[in-house]
Amino acid sequence: MQIIFYIAAIIAIFSTVMVITRLNAVHALLYLIVSLLSVAVIFFLLGAPFIAALEIIIYAGAIMVLFIFVIMMLNLGREAKEQESQWLKPSMWIGPAILAAIILVQLIYVLMANQNETFNSTVINAKQVGMSLFGPYLIGVELSAILLLAGIVGAYHLGRRKKASVHRFFEEASE
Amino acid sequence: MISISIETGLLLSGILFLLGLIGLLVRRNIIFMLMSVEIMLNAAGLAFVIGGSRWAQPDGQVMFIFILTMAAAEVSVGLALILLLYHRFKTVDADAASKMRG
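These numbers come from a predicted model, not from an experiment. Chains are numbered independently. Their residues run from 1 in the order of the written sequence. Just so you know, chain letters begin at A and ligand numbers begin at 1, following the order they were written in. Only residues with pLDDT of at least 70 are given local features in this predicted model, and only at 80 or more are side-chain atom pairs given and counted; all residues enter the totals for whole chains, interfaces and linings. Note: side-chain values were computed over all heavy atoms of the structure, leaving out hydrogens and water.

S.K.: So what's going on with the overall build of chain B? Residues and values would help.
M.R.: When you go through chain B residue by residue, the secondary structure sums to three helices and one strand. Starting at the N terminus, the α and β elements of chain B follow one another as β-α-α-α. To get the radius of gyration, use the C-alpha atoms; to get the globule rule, take the number of residues to the power 0.38 and multiply by 2.2 Å. Taken against the 2.2 N^0.38 rule, which gives 13 Å for 102 residues, the C-alpha radius of gyration of chain B at 17 Å runs more than 25% over that of a compact globule. With the C-alpha coordinates aligned to their principal axes, the bounding extent of chain B is approximately 55 × 25 × 20 Å. Accessible surface is estimated by sampling points in the Shrake-Rupley manner with a 1.4 Å probe; for residues, cover comes only from the protein chains shown. Surface summary for chain B: the accessible area is close to 3900 Å², and the carbon and sulfur share equals 68%. Counting rule applied: Lys, Arg positive; Asp, Glu negative; His and chain ends not counted. Lys charges are placed at NZ, Arg charges at CZ, Asp charges at CG and Glu charges at CD. Charge-centre separation for chain B: the mean point of 7 positive side chains lies 15 Å from the mean point of 6 negative side chains. Here a helix means four or more residues in a row that DSSP labels H or I, a strand means two or more in a row labelled E, and each is numbered from the N terminus.

Right under this line is the structure:
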């Protein structure tokens with residue numbers, strides 16, 4: 001079973017690298033879906049089948065569909081891709097990449113300084129998660145309900161079309 | 001189900017988080033920046049689930065559900081902002097919105 005974990009981890013890292021280097025937004029989105037699916041495999045192996053299902057349904061399903069709809073509405077053409085390749089020059093990305101690589105080396109050093117003791121993951125099913133979610137974490141559920149309501153109101157307000165303040169007589173005259 | 005060390009899992013989560021951070025710092029297209037934020041949130045959730053799996057408690061998974069809720073709310077508002085930016089400036093360049101003129 002360990003080999004499945006490592007294969008899924010390598011797929012997740014590779015597809016995430018492809019996400020941040022693609023020029024076409026739809027290609028990046030498809031790689032992001034692959035990355036999320038492999039993370040869902042890792043969740044399943046870690047003994048969290050409910051979270052694996054939620055990852056596929058909400059992340060790879062709902063949120064990615066939102067992204068696809070927005071990319072379709074923007075209707076970015078070929079010139080967007082050329083502009084993207086202009087922005088993605090090595091002088092642009094070499095600095096942040098080196099700094100992040102230094103942080104990664106530090107992270108590896110800190111994590112490997114401790115002794116590596118393995119643990120056996122046990123399956124925690126949806127019932128235990130639900131008991132915990134609606135027991136001690138009930139205030140968190142209510143706060144996330146408020147957060148989602150605020151998100152709906154905010155997205156509606158931002159997406160609302162403003163009424164034209166010019167009378168249509170003047171619009172016709174200007175045309 | 002599997003026996004791995006917690007360091008391996010946290011290392012994977014850290015690598016994914018750093019890749020998201022690089023994407024956020026490097027890209028100028030605002031859609032890619034939002035995608036990188038999603039990658040970072042997902043990596044943080046992975047760290048929570050690994051921690052919950054290490055101590056065999058459901059708390060890590062509960063935290064992942066909260067992160068998922070937050071990501072969904074954040075992405076809906078963020079995509080509405082992207083549409084607004086594109087209608088106003090006709091570009092997805094994040095630098096186009098650097099001047100606040102109301």
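S.K.: Give a detailed account of the overall build of chain A, specifying residues and quantitative values.
M.R.: Scanning chain A from terminus to terminus reveals eight helices and one strand. Along chain A, helices (α) and strands (β) appear in the sequence α-α-α-α-α-β-α-α-α when read from the amino end. The C-alpha atoms of chain A give a radius of gyration of 23 Å, which is well past the 16 Å a tight globule of 175 residues would have. Along the first, second and third principal axes, the C-alpha atoms of chain A reach 80 × 50 × 25 Å. Under the scheme applied here, a residue whose accessible area is under 20% of the maximum for its type counts as buried, over 50% as exposed, and between as partly exposed, the area being computed with a 1.4 Å probe on protein chains only. Going through the 175 residues of chain A one by one, you find that 31% of them count as buried.

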